[in-house]
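# Structural overview
One letter stands for each residue in the lines below.
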Amino acid sequence: MSTVNKGRHAFSYALPIALPIGVSFFFIGLGFGLYATSQGFPWWVPMVLAMTIFAGSMEFVTIGMLMAGFDPVTAFMLTLFVNGRHIFYGLSMLQKYTNMGWKWFPTVAWMCDESFAINATTKLPDDVDAGWFYFHISWLNYAAWAVSTLVGGLFGNLLANYDLRGVEFVLPGLFIVIFLEMLLNSKSNTIRFFGISGAVMAIVMLLLFGSSTFMLLSMTCMLVACYIAYTWGGVRLD
Amino acid sequence: MTNIEMVITVAIVVISTLFTRFLSFLVFPTGKQAPPFVLFLGKALPASVMGMLVVYTFKDTTILSYPYGIPTAVACVITIGLHIWKRNMLLSIAIGTIVYMVMVQNV
């Protein structure tokens, strides 16, 4: 297949998978645009933050920081804290994001939760080029988020007339479905076991230490657990 | 905050975010063989990190006071059941969300 055909074929495979994310981004992006403008920022600010930072929760945090006093050290520490999970996404994708050429840089730069979730768990048919698929998922999510925050910044206030309480369930709904697909499709029970234990470990950490630190704590415990399983348990994955 | 301070703040957030995304790839570049344990992590972590992400989206759910996380639990069960039955992502998410919205708006 020529490069153009490979790209197109992977695109037609990626688009329907990215669609549910686009829908959930749309509602969250509207919410973010509305939030930023309601704090007194002009309509273009949410979109600019979305396109430069491209990490949802960090964008909400940044709006808060922009309204407080100038504190570059806190900005740095807070970002590492909130986005530290990306380091683990990177570790997970080391062997997948390879031989991608120019597509590698944008794919890693736009490695958000949703793109990671799709690219780490989707079982691709042999005729779909993995590199192109990863890239398409990443830019589609990026574009959907940018457009949604723009619409939110411009028209978010019109939403005040509708009762949209509860629409935030689109994000948990999306992750549940991706996780389920991963459990149903995975080749080995060891992988399923790792998935379930990740969820259980996170629940335990959340209950013990609260919502601000449980992610980094769970990830650290996962590393230790993997090390023990690999070194002393003799666990191997093909 | 002055405009220039705002730009610096956003720049710091952007650069630190990119740092978290690129770090693993910079430490273990392609071509250089990563240690076997790191390769193992690449296979084991996606599943566990995904499980953790599901929990992450529920981190602010109230369970100890009214409504005791009931709307969330019901919507989750419906989403999971519907998805196992039909295996249609959009349908599962849409129905789950609508059920959740009806519950939080009327209870």
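See the structure above.
Residues numbered from 1 in each chain as written. Chains lettered and ligands numbered in written order. Predicted model: local features only at pLDDT ≥ 70, side-chain atom pairs only at ≥ 80, totals over all residues. Heavy atoms only, no water.

## So, the overall build of chain B
What counts, and what does not: Secondary structure elements follow DSSP: runs of H or I no shorter than four residues count as helices, runs of E no shorter than two count as strands, and numbering proceeds from the N terminus. With the radius of gyration taken over C-alpha atoms, the globule rule is written as 2.2 Å times the number of residues to the power 0.38. The cut-offs for exposure are 20% and 50% of the maximum accessible area for each residue type, with area from a 1.4 Å probe on protein chains only; residues under the lower value are buried, those over the upper are exposed, and the others partly exposed. Contacts: residue pairs with any heavy atoms within 4.5 Å of one another.
On a plain count of helices and strands, chain B comes out with four helices and zero strands. Counting from the amino terminus, helix and strand elements in chain B follow one another as α-α-α-α. Taking 2.2 N^0.38 as the reference for a compact globule, 107 residues should give roughly 13 Å; the C-alpha atoms of chain B span a radius of gyration of 21 Å, well beyond that estimate. Across its three principal axes, chain B shows a C-alpha extent of roughly 55 × 50 × 30 Å. A total of 107 residues make up chain B; the buried ones form 46% of that total. Considering only intrachain contacts with a sequence separation of at least 6, the fraction spanning at least 24 residues in chain B is 29%.

## Let's talk about the interface of chain A and chain B
Selection rule: The buried area of a pairing is the accessible area, by a 1.4 Å probe, that goes missing from both parts when the two are put together, added over both. Salt bridges, as used here, are contacts in which a Lys or Arg side-chain nitrogen is within 4 Å of a carboxyl oxygen on Asp or Glu. Two N or O atoms form a polar contact when they lie within 3.5 Å of each other; inside protein one atom must be a possible hydrogen donor and the other a possible acceptor, and for residues adjacent in sequence the pair counts only when both atoms belong to side chains. Charged residues are taken to be Asp, Glu, Lys and Arg, nonpolar residues to be Ala, Val, Leu, Ile, Met, Phe, Trp, Tyr, Cys and Pro, and polar residues to be all remaining types, Gly included.
Between chain A and chain B, the residue contacts involve 94 residues of the former and 65 residues of the latter. Buried surface at the junction of chain A and chain B, summed over both partners, amounts to about 7100 Å²; 80% is from carbon and sulfur atoms. At the junction of chain A with chain B, the criterion picks out one salt bridge. E181 of chain A is paired through a salt bridge with R87 of chain B; the nearest N and O atoms lie 2.8 Å apart. Applying the counting rule to chain A against chain B returns 15 residue pairs in polar contact (both at pLDDT 80 or more). Broken down by element, the residue count for the side of chain A that touches chain B peaks at 15 residues, all from helix α9 (residues 170-185) of chain A. Taken together, the residues that form the side of chain A that touches chain B break down as 66 nonpolar, 20 polar and eight charged.

## What about the packing of aromatic side chains?
To keep things clear, this is the line we draw: Side-chain rings of Phe, Tyr and Trp, where Trp is taken by its six-membered ring, are said to pair if the distance between their centres is within 6.5 Å; with planes under 30 degrees apart they count as stacked, over 60 as edge-to-face, and otherwise as tilted. Comment: the charge-over-ring label is applied if NZ (Lys) or CZ (Arg) is within 6 Å of the ring centre and within 35 degrees of the ring normal.
Applying the stated criterion across every chain yields a total of 26 aromatic pairs over all chains. Taking 4.9 Å as the distance between ring centres and 45 degrees as the angle between the ring planes, the aromatic pair formed by Y230 of chain A and F40 of chain B counts as tilted. Separated into two different chains, Y230 of chain A in helix α11 (residues 214-231) and F40 of chain B in helix α2 (residues 36-56) make up a pair that spans both. Put simply, the rings of Y13, Y97, W104, F105, F133 and Y134 of chain A together with F22 and F25 of chain B touch in pairs and so form one group of aromatic residues. The cationic tip of K103 of chain A hangs over the ring face of W132 of chain A; the distance from NZ or CZ to the ring centre is 4.4 Å. When the ring centre of W85 of chain B is taken as origin, the NZ or CZ atom of K86 of chain B, which lies over that ring, is 4.5 Å away.

## Quick word on unusual backbone geometry
Residue and element names in this part refer to chain B. Following Y66, the chain continues to P67 via a peptide bond in cis, the omega torsion being 0 degrees. As for its placement among the helices and strands, P67 is situated in the loop between α2 and α3 (70-86). The phi dihedral of Y68 falls on the positive side, at around 55 degrees, and the residue is not glycine. Mapped onto the fold, Y68 is located in the loop between α2 and α3. Overall, Y68 belongs to the partly exposed group, its relative accessible area being 48%. Phi is positive for R87, which is not a glycine, with a value near 55 degrees. Considering the arrangement of structural elements, one finds R87 in the loop between α3 and α4 (89-106). By relative accessible area, which is 41% here, R87 ends up partly exposed.

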